[in-house]
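# Results of the structural survey
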Number of protein chains: 4
Amino acid sequence: MRKPILGVMGGGSNRPAVDAEARQLGALIAERGWILLNGGGDGGVMAASARGAKEHGGTVIGILRGKTTRGASPDLDIAILTGMGDARNVINVLTSDVVIACPGRAGTMSEVALALNSGKRVILLGWDAGDGLARFQRKGQLTRANSANEAVEQAAAVIADLHEG
Amino acid sequence: MRKPILGVMGGGSNRPAVDAEARQLGALIAERGWILLNGGGDGGVMAASARGAKEHGGTVIGILRGKTTRGASPDLDIAILTGMGDARNVINVLTSDVVIACPGRAGTMSEVALALNSGKRVILLGWDAGDGLARFQRKGQLTRANSANEAVEQAAAVIADLHEG
Amino acid sequence: MRKPILGVMGGGSNRPAVDAEARQLGALIAERGWILLNGGGDGGVMAASARGAKEHGGTVIGILRGKTTRGASPDLDIAILTGMGDARNVINVLTSDVVIACPGRAGTMSEVALALNSGKRVILLGWDAGDGLARFQRKGQLTRANSANEAVEQAAAVIADLHEG
Amino acid sequence: MRKPILGVMGGGSNRPAVDAEARQLGALIAERGWILLNGGGDGGVMAASARGAKEHGGTVIGILRGKTTRGASPDLDIAILTGMGDARNVINVLTSDVVIACPGRAGTMSEVALALNSGKRVILLGWDAGDGLARFQRKGQLTRANSANEAVEQAAAVIADLHEG
């Protein structure tokens, strides 16, 4: 059976507290034996989560916007080159069994929305997506976690359900 | 000079008041001599805005999810077939000079976010996207309009700026 | 009923004899009342076929590789911006009712192959695609034309069949 | 340093001699410590090459056409879900350090052409792509191998060059 793939979304700009949480998230994903997938960039949540996973023996897949690995995190095991810009966001969410979204900007918000539109379970780590997606919170497809640990606990429950389903 | 392209986003489910506003929006876009672009579906905001534009002599482009015109609005002049599912949302927003978003669900929210991420001006017609995108409202890239007429007035100002720029 | 869309593929480098034939092809497509679709570039077959169509009152759609109209032919009526690089080749062939391929290089060959793989009728104008696609010639999905006029005659027969079918 | 990724292209229909060679190719790729990438399908060259790699302890990535793993080879370690149909062919070739193409039909031919158009080295295993791509053979970007072993030897030389370059 294939290992679960956890998609970690989030912004590219560096904010120390956000990045520390993302690094911890990467570590916990690796410790669970899951594969971490992100957008593969070399800054912010992408770089921090990849680093955390690699420090704990995990596997990291980056789905890159460009045609080369220029600007990619050094911690990727596998760099998927799309050359498709933002259209790769669709691949990020379709490939992930569960999506955990750290704080970000419009790119992250697009991934949250695309994931929900594809029926994926989405966990917001340390932020709220706002009223526009409240209906998904009401039906439990979108939840909030206050720590990397809580996010991973929620993800584990989703994965257990997927395997039973 | 190419005609301006107005992207009209919004949900596929039929809500009479929303659809009536979308039809009016299509009519006003046609009367301005602009091209209307949408996702090309045969329900909800997509079908209604296309209908409104065609009733007033406009041109309608549909960017379709599928590989055929099955399920397309009958009012399209040009059906662009992508076979790419939600990845066509990226094409919708890149091709539009201005995006007007009617009420919708996660698919519409993804288009609003992708448009903002690409630097496009986005006008919300009759709804709010929530706190998650508040920063774009503060800098004026995302605005709200209370009627189709107001949305088109705002769009006209953006287009005038683009042509001067 | 929507107007037929004729996809014109071919290389971006300027070869006078090839470009003259492409310009004539664009003219004939416009005279038939069909829409011409190509990759939207400002050189070679793309620019020449767009020019020919515009000189004869036609409508031209360019499916562009990039996120902006930089490097686009000045003769496009509608510029579809994909930001997807070569992945737009798939859109070119899916959107076309018939594909006419002028001489080109690997990009053109990829479009011929993608079109055949999608079940489209493909007409090679003034060249052969080689043994690798011979099976499609045997079953009549891929044919050769020796002039723009002959290519358009073949395309007209395909379109007549599509409308009856 | 990331492991080299070998793209194995080829048809989905089952031809025993072709599939046996593809299985052997997968085995040799695994033995080299390279990652095997293919289209992830459960028939023909895709299934056979994945099987060969897994039997020899390799890692297999499948870039799937669809939004789910339905119809995927059981031997994938990582299933990248694109939902983009043939547009995923672009991702296949961009992500591969070298492309080895086994016999196939138009889909395989499109991947060969897209790979050449992206500047990738392509090795044809046991077939010829025909005159349409002869210019690439003349400049050495496209070569032919008569056995899986010869293809892997050629690929090893390319990879050595990439790492020096």
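This text goes with the structure placed above it.
This report concerns the structure included in the present document. (Residues numbered from 1 in each chain as written. Chains lettered and ligands numbered in written order. Predicted model: local features only at pLDDT ≥ 70, side-chain atom pairs only at ≥ 80, totals over all residues. Heavy atoms only, no water.)

## Looking at the relation of the copies chain C and chain A
Of the transformation superimposing chain C on chain A, the axial component is 0.0 Å and the angular component is 180°, with the fit at an RMSD of 0.0 Å. As the rotation angle and translation indicate, the two copies are arranged about a two-fold axis. Minimal C-alpha separation from the rotation axis in chain C is found for Met84 of chain C, amounting to 2.0 Å. When you check the interface residues of chain C against chain A, 100% turn up at the interface there too, and the contact is symmetric in its surfaces. (Least-squares fit on C-alpha atoms with pLDDT ≥ 70 in both. Contact = heavy atoms within 4.5 Å.)

## Some remarks on the interface of chain C and chain A
Contact residues are listed per partner, giving six residues for chain C and six residues for chain A. The largest share of the area that chain C buries against chain A comes from Gly83, Met84 and Ala87 of chain C, three residues that together contribute 73% of it. If you look at where chain C meets chain A, you find zero residue pairs in polar contact (both at pLDDT 80 or more). Residues of the side of chain C that touches chain A, tallied by class, amount to two nonpolar, two polar and two charged. (Buried area = accessible area lost by both parts, 1.4 Å probe. Polar contact = N/O pair within 3.5 Å; in protein donor to acceptor, adjacent residues only side chain to side chain. Nonpolar A, V, L, I, M, F, W, Y, C, P; charged D, E, K, R; others polar.)

## Details of the side chain of Asn38 of chain C
Residue and element names in this part refer to chain C. In this fold, Asn38 is placed in strand E2 (residues 35-38). From its side chain, Asn38 meets the backbone oxygen of Met46 in a polar contact 3.0 Å long. Ignoring sequence-local partners within four residues, the contact set of Asn38 consists of Val8, Met46, Ser49, Ala50, Ile61, Gly62, Ile63, Leu76 and Asn92. (Helix = DSSP H or I, 4+ residues; strand = E, 2+ residues; numbered from the N terminus.)

## Quick word on helix H3 (residues 88-95) of chain C
Each α-helix winds once per 3.6 residues, and so residues spaced three or four apart point in a common direction. With eight of eight residues buried, H3 of chain C is to be regarded as a mostly interior element. For H3 of chain C, the full list of buried residues reads Arg88, Asn89, Val90, Ile91, Asn92, Val93, Leu94 and Thr95 of chain C. (Buried < 20%, exposed > 50% of the residue type's maximum accessible area, 1.4 Å probe, protein only.)

## Some words on the sheet that holds strand E1 (residues 5-9) of chain D
Residue and element names in this part refer to chain D. With parallel pairing, seven strands are arranged side by side in an open sheet as E4-E3-E2-E1-E5-E6-E7. The strands lining the two open edges of the sheet, one partner per strand, are strand E4 (78-81) and strand E7 (142-145). Neighbour-to-neighbour, the strand axes of the sheet open up by a mean angle of 25°, direction not taken into account. Of the strand pairs in this sheet, strand E5 (residues 98-101) and strand E6 (residues 122-125) are connected by three bridges, and their pairing is parallel. Note that in E6 the partner of Ala101 across the bridge is Leu124. Across the sheet, helix H4 (residues 106-117) lies against E1, E5, E6 and E7, angled at about 155° from E6, the strand it touches most. (Pairing = 2+ DSSP bridges. Axes fitted to C-alpha atoms, helices over the stretch in contact; angles between N-to-C directions.)

## Thoughts on the relation of the copies chain A and chain D
With an RMSD of 0.0 Å, the fit of chain A onto chain D corresponds to turning through 180° and sliding 0.0 Å along the axis. When the interface residues of chain A are mapped onto chain D, 100% of them again lie at the interface, so the same face is used by both copies.

## A word on the nonpolar core
Within the largest apolar cluster, 252 residues are counted, with the highest numbers of intra-cluster contacts made by Leu25 of chain A, Leu25 of chain B, Leu25 of chain C together with Leu25 of chain D. With sequence-adjacent residues up to four places away left out, Leu25 of chain A is seen in contact with Val8, Ile100, Cys102, Leu125, Ala148, Ala151 and Val152 of chain A. (Core = buried A, V, L, I, M, F, W, Y, C linked by side-chain atoms within 4.5 Å.)

## A word on empty space enclosed by the protein
In this structure the tally under the stated criterion is two cavities of 30 Å³ or more. Of the volumes computed, that of the largest cavity is approximately 60 Å³. Lining the largest cavity are Gly11, Gly12, Ser13, Arg15, Val18, Asp19, Val45, Pro103, Gly104 and Arg105 of chain B. In this model, the second largest cavity occupies a volume close to 50 Å³. As for the second largest cavity, its lining consists of Gly11, Ser13, Arg15, Val18, Val45, Pro103, Gly104 and Arg105 of chain A. Of the residues contributing to the lining of the second largest cavity, the split by class is three nonpolar, three polar and two charged. (1 Å grid on protein atoms, 1.4 Å probe; cavity = no way out; pocket = protein on both sides within 12 Å on 5 of 7 lines; lining within 4 Å. Points joined across faces, edges and corners; volume = space filled by probe spheres on them.)

The values reported here are purely geometric and, on their own, carry no functional implication.
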